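Each chain, letter by letter, is given below.
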Amino acid sequence: MEIVSAIAHKVEKFRGVLGATSIKSDAELEQTDELDSLMLTLLDSYNNRSSRYSGSFETDTANYPLSNQLKELISGDLNFKDFSLLALNRLCDQIKDVVFASGGYLLVIRYSHNDRDMLLIAKLNPQSGAIFSEDLHKVIKAPYLNLDKLQVAARVDIKAWSAGAERYLTFVLRREQDSGPSDYFQKFVGCRVDQDSKIESKKLVIVVKDFASNLAAMSALKEEDIPDVRRRAFDFIENVRKGEAAKMDSFEGLANAIWPEDPNAFLIFLNGHADPPSAGFAPDATTIKGLSDINFKSKELTLKMTYEFRSSHVRINEGRVIIENAPERLVRELTEG
């Protein structure tokens, strides 16, 4: 990873109070080891978020101008500092009327990674901490940037966007009361969630199955317990589907349901998957049954059964599949055949 340009501005806004002001930086951040370290920590936090969305820019560039400004940056008609100042002004305009939003630092970074031209925009929150003094005689205040709990950020794959790809924009949002900060940040960037419930549901089913198989491959799970992991996932997703919100706004609850021993392991696996689902979709009832039903098909045999049937009637013994208390019709078909 190589940082091309980076700049930080400050947004002053108090929770519970309307209005926002800014403190503008007059220069880009110096290229230091500390900046590299901050960037790596920030990307790690971003990649491990349990509610990462994907989509595209809004087409209404009059009300969502950031995409046009980014085009000007790419073409060279706008320099990096001026681009960041336009973004800062828009962020302040979006945040000023959001009662529950707070200020922080607007960080804009353009970097390259694996031959990809990338732009990351994040609002970082300062935290109050403490540390021992150099002489170890007292405790002193030590403010720091809270990177572990990244609330709002967006990342643009400029190369993919320029090439006309459908998915080039991802973002993380934290849902809060009264529409909260996440809505203003989404409007600030101009993020549009492009989702097909069946496609996203299929992606999630594949990720869950791959995760269970991966656990078995690492001897962290017995092969015969793989259906249990899938079933726990199905039960959780089905409850979400039937719930009031009816959307997978986060994968954190699913991670706890699937693998309570180490929920973060599932989140890391999901975010690192070749084709992860985007948060915020409504689960498709038919598609997610792939986690509860067992399907097998070959030239000689087609087998389909529910998880309940397998648990109640099927026993595996030294390579033999034994169906106990089989339905009379199945026995009759096999006997007559």
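Residues numbered from 1 in each chain as written. Predicted model: local features only at pLDDT ≥ 70, side-chain atom pairs only at ≥ 80, totals over all residues. Heavy atoms only, no water.

Caption draft 1: Broad picture of the overall build of the chain. Per the secondary structure count, the chain includes 12 helices and 15 strands. Within the chain, the proportion of its 337 residues that are buried is 40%. Long-range pairs, those at least 24 residues apart, make up 66% of the contacts in the chain between residues at least 6 apart in sequence. Accessible area for the chain stands at about 18,700 Å²; split by element, carbon and sulfur atoms hold 49% of it. Considering the chain, the positive charge centre built from 43 side chains and the negative charge centre built from 51 side chains are found 5 Å apart. (Helix = DSSP H or I, 4+ residues; strand = E, 2+ residues; numbered from the N terminus. Buried < 20%, exposed > 50% of the residue type's maximum accessible area, 1.4 Å probe, protein only. Contact = heavy atoms within 4.5 Å. Areas by Shrake-Rupley, 256 points an atom, 1.4 Å probe, with all protein chains shown as cover. Lys, Arg positive; Asp, Glu negative; His and termini not counted. Charge placed at Lys NZ, Arg CZ, Asp CG, Glu CD.)

Caption draft 2: View of the confidence of the model for the chain. Looking at the chain as a whole, the pLDDT averages 88, with 97% of positions reaching at least 70. Low pLDDT, under 50, characterises residues 176-181; the stretch is placed with 10 contacts to residues that sit more than four places away or in other chains. (pLDDT = per-residue confidence, 0-100.)

Caption draft 3: Structural view of the pairing of strand 13 (residues 302-306). As defined by bridge partners, strand 12 (residues 293-297) adjoins strand 13 across 5 bridges and the pair is classed as antiparallel. Note that in strand 13 the partner of Phe296 across the bridge is Leu303. In textbook terms, the turn of a hairpin is the stretch between consecutive antiparallel strands, and for strand 12 and strand 13 this stretch comprises 4 residues. (Pairing = 2+ DSSP bridges.)

Caption draft 4: Fine view of helix 3 (residues 80-95). The terminal C-alpha atoms of helix 3 lie 22 Å apart, and with 16 residues this matches the ideal 22 Å at 1.5 Å per residue to within 8%. Among the residues making up helix 3, those that are buried are Phe80, Phe83, Ser84, Leu85, Ala87, Leu88, Arg90, Leu91, Cys92, Gln94 and Ile95. Structurally, the start of helix 3 carries an N-cap: the backbone nitrogen of Lys81 is 3.2 Å from a side-chain oxygen of Asn79. (Expected span 1.5 Å × (residues − 1). Polar contact = N/O pair within 3.5 Å; in protein donor to acceptor, adjacent residues only side chain to side chain.)

Caption draft 5: Structural context of the packing of aromatic side chains. Applying the stated criterion across every chain, the model contains 8 aromatic pairs. Aromatic pair Phe211 and Trp259: ring centres 6.5 Å apart, planes at 80°, arrangement edge-to-face. Taken together, the residues Phe211 in helix 6 (residues 197-217) and Trp259 in the loop between helix 8 (252-258) and helix 9 (263-271) connect sequence positions 48 residues apart. Take Phe211 and Trp259: they sit in the same class, and that class is buried. Ring-pair connections join several aromatic residues into one group, and the members of that group are Phe211, Trp259, Phe266 and Phe269. (Phe/Tyr/Trp six-rings, centres within 6.5 Å; stacked < 30°, edge-to-face > 60°.)

Caption draft 6: Local environment of a nonpolar patch on the surface. On the surface, Ile316, Val321, Ile323, Leu330 and Leu334 cluster together into a nonpolar patch covering about 470 Å² of accessible area. Elements with a minimum of two residues in the nonpolar patch: strand 15 (320-323) and helix 12 (328-336). One can find Leu334 in helix 12. For Leu334, a relative accessible area of 65% gives the class exposed. (Patch = residues over 30% accessible without salt bridge, like charges linked within 9 Å, V, L, I, M, F, W, Y side chains within 5 Å. Salt bridge = Lys/Arg side-chain N within 4 Å of Asp/Glu carboxyl O.)

Caption draft 7: Just the pattern of salt bridges, in detail. With the rule as written, the count across this model stands at 10 salt bridges. Between Asp275 and Lys203 there is a salt bridge, with the nearest N and O atoms lying 3.5 Å from each other. Taken together, the positions of Asp275 in the loop between helix 9 and helix 10 (285-288) and Lys203 in helix 6 put the pair 72 residues apart, joining distant regions of the chain. Taking the relative accessible area as the measure of exposure, Asp275 reaches 39% and is therefore partly exposed. Note on Lys203: relative accessible area 14%, which makes it buried. One salt bridge connects Glu324 with Arg315, and the closest N-O pair in it is separated by 2.8 Å. A residue is classified by how much of its surface remains accessible, and Glu324, at 32% relative accessible area, is partly exposed. Several salt bridges share partner residues, and in doing so they unite Glu200, Lys203 and Asp275 into one network.

Caption draft 8: Looking closely at unusual backbone geometry. At Leu136, a residue that is not glycine, the phi angle is positive and equals roughly 60°. Position of Leu136 among the secondary structure elements: in the loop between strand 6 (130-132) and strand 7 (139-141). At Ser219, a residue that is not glycine, the phi angle is positive and equals roughly 65°. Inspection of the secondary structure assignment puts Ser219 in the loop between helix 6 and helix 7 (226-242).

Caption draft 9: Just the state of the cysteines, in detail. For the structure shown, the criterion picks out 0 disulfides. Residue Cys92 stays outside any disulfide, its sulfur separated by 17 Å from that of Cys191, the closest cysteine. Taking the relative accessible area as the measure of exposure, Cys92 reaches 10% and is therefore buried. (Disulfide = S-S within 2.5 Å.)

Caption draft 10: Inspection of the packing of helix 6 against helix 9 at higher detail. Where helix 6 contacts helix 9, the two axes come as close as 10 Å, and the packing angle between them is 120°. The orientation of helix 6 relative to helix 9 falls into the category oblique. The crossing of helix 6 and helix 9 is right-handed. Contacts from Leu204, Val207, Val208, Asp210, Phe211 and Asn214 of helix 6 reach helix 9 at Ala265, Phe266, Phe269 and Leu270. (Axes fitted to C-alpha atoms, helices over the stretch in contact; angles between N-to-C directions. Parallel < 35°, antiparallel > 145°, perpendicular 65-115°, else oblique. Left-handed = near helix turned anticlockwise from the far one by under 90°.)

Caption draft 11: Inspection of the packing of helix 2 (residues 66-75) against helix 3 at higher detail. As a packed pair, helix 2 and helix 3 sit with axes 10 Å apart at the nearest point and diverge in direction by 175°. By the angle between their directions, the pair helix 2 and helix 3 is classed as roughly antiparallel. Contacts between helix 2 and helix 3 involve Leu66, Gln69, Leu70 and Leu73 from the first element and Phe80, Phe83, Leu86 and Ala87 from the second. Tallied by class, residues from the contact of helix 2 with helix 3 come to 7 nonpolar, 1 polar and no charged. (Nonpolar A, V, L, I, M, F, W, Y, C, P; charged D, E, K, R; others polar.)

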